[in-house]
Amino acid sequence: MQIQDLPFSVTDWQGVEKTTHKGETGFAYWRTRQFGDIRVRMVTYSAGYLADHWCTKGHILFCVSGELNTVLKDGRTFNLSAGMSYQVADDAEPHRSSSSEGATLFILD
């Protein structure tokens, strides 16, 4: 990744409007900033959240709080808790996330 034409800036995530995205169960609140081709999000999953799709988008994801469970389409599972991250490329490994107790994530894609 090469970051170009991005002056120094600060984001107060509490001031970024949130949008609601329903999962198969539960919901996610997204606070999103776009910097050229780079999307940066603070995402909060509700307790009982299950994504409604298999995602093929690449991400760098950092678990700020709570626990995140991610299943790859090949059946492998990964559990992240606060302070952990995962990285995956576009179109590399379809994945689907859930959170039984809720989680807050910082995501770059």
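Residues numbered from 1 in each chain as written. Predicted model: local features only at pLDDT ≥ 70, side-chain atom pairs only at ≥ 80, totals over all residues. Heavy atoms only, no water.

K.L.:
Looking at this structure, I do not really get the pattern of salt bridges. What am I missing?
P.N.:
Opposite charge on two side chains makes pairing possible when the charged atoms of those side chains draw close. If you walk through the whole model with that rule in mind, you get 6 salt bridges. Note that Glu24 is salt-bridged to Arg96, the shortest N-O span being 2.4 Å. Residue Glu24 is found in the loop between β1 (18-22) and β2 (27-35), and its partner Arg96 is found in strand β8 (residues 95-99); the two are separated by 72 residues along the sequence. Measuring nitrogen to oxygen at the nearest pair gives 2.7 Å for the salt bridge that ties Asp109 to Arg39. Here Asp109 is found in the segment after β9 (103-108), whereas its partner Arg39 is found in strand β3 (residues 38-45), with 70 residues between them in sequence. Taking the relative accessible area as the measure of exposure, Arg39 reaches 23% and is therefore partly exposed. (Salt bridge = Lys/Arg side-chain N within 4 Å of Asp/Glu carboxyl O. Helix = DSSP H or I, 4+ residues; strand = E, 2+ residues; numbered from the N terminus. Buried < 20%, exposed > 50% of the residue type's maximum accessible area, 1.4 Å probe, protein only.)

K.L.:
Any chance you could explain the environment of Gly23 here in plain terms?
P.N.:
With respect to the secondary-structure elements, Gly23 resides in the loop between β1 and β2. The spatial distance from the C-alpha of Gly23 to the C-alpha of Ser97 is 9.8 Å, given a sequence separation of 74 residues. Look past the residues within four positions of Gly23 in its chain and what remains in contact with it is Tyr49, Leu50 and Asp52. (Contact = heavy atoms within 4.5 Å.)

K.L.:
Teacher, can you tell me more about the nonpolar core here?
P.N.:
Counting residues in each nonpolar core, the largest one holds 14 residues, and the members touching the most others are Tyr45, Leu61, Leu68, Leu80, Tyr86 and Leu105. Secondary structure elements with two or more residues in this core: β3, β5 (59-72), β7 (85-88) and β9. Apart from residues no more than four positions distant in its own chain, Tyr45 is found in contact with Phe27, Ala28, Leu68, Ser97, Ser99, Gly102, Ala103 and Leu105. If you look at the next biggest cluster of nonpolar residues, it comprises 5 residues, including Trp13, Val16, Val40 and Met42. (Core = buried A, V, L, I, M, F, W, Y, C linked by side-chain atoms within 4.5 Å.)

K.L.:
Explanation requested: the state of the cysteines in the structure shown.
P.N.:
Throughout this description, disulfide means a covalent bond between two cysteine sulfur atoms. If you walk through the whole model with that rule in mind, you get 0 disulfides. Free of any disulfide, Cys55 has its nearest cysteine sulfur in Cys63, 17 Å distant. By relative accessible area, which is 14% here, Cys55 ends up buried. (Disulfide = S-S within 2.5 Å.)

That's the geometry; what it means functionally is another story.
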